[in-house]
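# Descriptive structure summary
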Amino acid sequence: MRMTLLRLSRAATAGLVAAAALTAAAHSAEAAEAAEAADTLGSAAAAQGRYFGTAVAAGHLGEADYAATLDREFNSATPENEMKWDATEPSRGTFTFSAADRVVDHARAQGMDVRGHTLVWHSQLPSWVGALGATDLRGAMNDHINQVMGRYKGQIHSWDVVNEAFQDGDSGARRSSPFQDKLGDGYIEEAFRTARAADPAAKLCYNDYNTDGVNAKSTAVYTMVKDFKARGVPIDCVGFQGHFNSNSPVPADLRANLQRFADLGVDVQITELDIEGSGTAQADAYARVVDACLAVDRCTGITVWGVTDKYSWRSGGTPLLFDGNYDAKPAYDAVLAALGGDGGGGEPGEGTATCTATYTRTADWNSGYNGQITVTAGSEPISSWAATVTFAAPQQVQATWNATPSWSGNVMTARPSWNGTLAAGASTSFGFTVSKNGSDAAPVVGGCTAS
């Protein structure tokens, strides 16, 4: 009997060893497969244990290139406006979810996570909310949270429960809003407690802008989160929007700021990233943000605020990773490389060919001017290029030469008419005549993409 048990024990041990070996082999194969597949933003982020998402507008999902880029590149989606109060409850007690449903259904069909944005915010409120007295407002706020979260219970990865509740500047004070003015400081805690009950599985976030570095505003948020964690108020994550430009660059202490919040026991997320600019400077800034997130274990993901420059709320600053023609910009390649990815993300951004574009005003008169864009190939030859140029309203372009233009609003994308092939380091140029119509502003050159 003891011999039989010993044999059984040895057999069981051998089985466990074999099973462990198979499991290790399977995990190794999965890791290798993930590494091989990391040729898009979403797959590269997933290989790092994170998501890479984008804001999605329901009205653009019918555009083939928009949907194709969204589906190929991203593994998380945030409804851009479709879940805000004016979109979901335009009149008290009357809820409409058709636009939000379209974004959620599309994202989930593609296997994406969904971030909910946003439940309690001072902006994009229907007028009836601000007209309520304190008692009615409290009831309306809690009902709104329950109704919207209840609609999507079990479908949302994380919710921006309260958005932008603190003032800019050095005061660290709360922002004036119907909720703050009538319900006081306690409304944020109440909103989070209501949200936890509405969907216990969803992560609950506080979200704000100009809090990316260590400053008075971010410290005020930090103090609130620290207090919430100490008292058991349900908060799981803090969102840092990340709207950057030359006047508000990526802060040098972004990583340190993310880490101090993470040390409180909350996840941190970059939630609305867009960086105005073009070329190498923009690419470097994007890479710094990705590097900062990857350096913080509890930074769970990054969301850029839109798929393409042409639909960005800051389109004149060309702040996103894809231009108006869905071509990947140098910033795309920088982000993919920072995530440890390989390749150029499908059709956009293939190869390593690069170019830059610079603007010069070559002639000027009272009612108009001539401008010239010089396109220069990078360290490798290119066979074609595309450059985006944004003109200030109400200027109008009267003529172009040495390029074929296409338009999206006031954004012109120029492609070569005959001069697309350039040796490494070589340049070509194209030009245009503009009617000022009262504006003497210089056009803004966006990204230059090459193949």
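Details of the structure are given in the entry above.
Here's what I pulled together on the structure shown here.

Criteria and cut-off values
Residues numbered from 1 in each chain as written. Predicted model: local features only at pLDDT ≥ 70, side-chain atom pairs only at ≥ 80, totals over all residues. Heavy atoms only, no water. 1 Å grid on protein atoms, 1.4 Å probe; cavity = no way out; pocket = protein on both sides within 12 Å on 5 of 7 lines; lining within 4 Å. Points joined across faces, edges and corners; volume = space filled by probe spheres on them. Nonpolar A, V, L, I, M, F, W, Y, C, P; charged D, E, K, R; others polar. Disulfide = S-S within 2.5 Å. Helix = DSSP H or I, 4+ residues; strand = E, 2+ residues; numbered from the N terminus. Buried < 20%, exposed > 50% of the residue type's maximum accessible area, 1.4 Å probe, protein only. Phe/Tyr/Trp six-rings, centres within 6.5 Å; stacked < 30°, edge-to-face > 60°. Lys NZ or Arg CZ within 6 Å of the ring centre and 35° of its normal. Pairing = 2+ DSSP bridges. Right-handed = clockwise from strand over helix to strand, strands pointing away.

Counted as a void, the largest pocket has a volume near 350 Å³. Taken together, the residues that form the lining of the largest pocket break down as four nonpolar, eight polar and five charged.

On to the state of the cysteines. Enumeration according to the criterion identifies two disulfides in this entry. In this model cysteine 205 forms its disulfide with cysteine 237; the gap between the sulfur atoms is 1.9 Å. Handedness here is read from the sign of the S-S torsion; for cysteine 205 and cysteine 237, about -80 degrees, the answer is left-handed. Of this pair, cysteine 205 sits in strand E5 (residues 203-208) while cysteine 237 is found in strand E6 (residues 237-240), placing the two residues 32 residues apart along the sequence. Using a relative accessible area of 0% as the deciding quantity, one classes cysteine 205 as buried.

Moving on, we come to the packing of aromatic side chains. One pass over the structure, following the stated rule, counts 16 aromatic pairs. Ring centres 6.3 Å apart and planes at 5 degrees place the aromatic pair tyrosine 359 and phenylalanine 432 in the stacked group. You can see tyrosine 359 sitting in strand E10 (residues 355-365) and its partner phenylalanine 432 sitting in strand E16 (residues 427-435), a full 73 residues away along the chain. You can call phenylalanine 432 buried: its relative accessible area is 0%. Between arginine 260 and the ring centre of tyrosine 222, over which it is positioned, the NZ or CZ distance is 4.8 Å.

The subject of this paragraph is the pairing of E5. Burial within E5 is extensive, with five of its six residues counted as buried. Inspection of the sheet shows strand E4 (residues 158-163) paired to E5 by five bridges, in the parallel sense. The partner of valine 162 across the bridge, within E5, is tyrosine 206. With four bridges joining them, E5 and E6 adopt parallel strand pairing. Bridge pairing in E6 links cysteine 205 to cysteine 237. Assessed by its sense of winding, the connection that carries the chain from E5 through helix H10 (residues 216-231) to E6 is right-handed.

With omega at -10 degrees, the peptide bond leading from histidine 117 into threonine 118 counts as cis. In this fold, threonine 118 is placed in strand E3 (residues 113-121). Between alanine 393 and the following residue, proline 394, the backbone shows a cis peptide bond with an omega angle of 5 degrees. Mapped onto the elements of the fold, proline 394 is located in the loop between strand E12 (385-390) and strand E13 (396-401). Phi at asparagine 210 is positive, roughly 55 degrees, even though this residue is not glycine. Note that asparagine 210 resides in the loop between E5 and H10. A residue is classified by how much of its surface remains accessible, and asparagine 210, at 33% relative accessible area, is partly exposed.

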